[in-house]
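Overview (structure and organization)
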Amino acid sequence: NGTLTARESPTDPGEPYYPVPNPENRALYDKYAALAAKEEGVAFVGRLASYKYFNMDQAILNALEMFDNLKENGVLQPKRAPGTFPEGDGMK
């Protein structure tokens, strides 16, 4: 009974990067998303959890909306799907 925070930093020999959208990585993401959906009381938030590039303001909004939903409805999940956020202006 407590909180566990984990940090993942994907790298390619030392260089951090965002997920590369291709069919192989999408299949891997879908596999992880299916496993994550089975975890009760666990929320995955942010760029890697959504497999989407967010601008920092979008990433923070995603987390704040999740907190609002928990506070208002007792549900630990995003208010809206991260896919509904507009495209960020960074890597795609």
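Residues numbered from 1 in each chain as written. Predicted model: local features only at pLDDT ≥ 70, side-chain atom pairs only at ≥ 80, totals over all residues. Heavy atoms only, no water.

Along the protein chain, the regular secondary structure elements total three helices and two strands. If you list the helices and strands of the protein chain from N to C, you get β-β-α-α-α. When the 92 residues of the protein chain are sorted by exposure, 21% land in the buried category. For the protein chain, restricting intrachain contacts to residue pairs at least 6 apart in sequence, the fraction spanning at least 24 positions comes to 48%. By element, 55% of the accessible surface of the protein chain is carried by carbon and sulfur atoms, the whole surface being about 7100 Å². (Helix = DSSP H or I, 4+ residues; strand = E, 2+ residues; numbered from the N terminus. Buried < 20%, exposed > 50% of the residue type's maximum accessible area, 1.4 Å probe, protein only. Contact = heavy atoms within 4.5 Å. Areas by Shrake-Rupley, 256 points an atom, 1.4 Å probe, with all protein chains shown as cover.)

This paragraph deals with the pattern of salt bridges. Evaluation of the coordinates by the stated rule reveals one salt bridge. Ionic pairing is found between Arg26 and Asp30, a salt bridge with its closest N-O pair at 4.0 Å. Of the two residues, Arg26 and Asp30 both sit in helix H1 (residues 23-37), four residues apart, roughly one turn of that helix. (Salt bridge = Lys/Arg side-chain N within 4 Å of Asp/Glu carboxyl O.)

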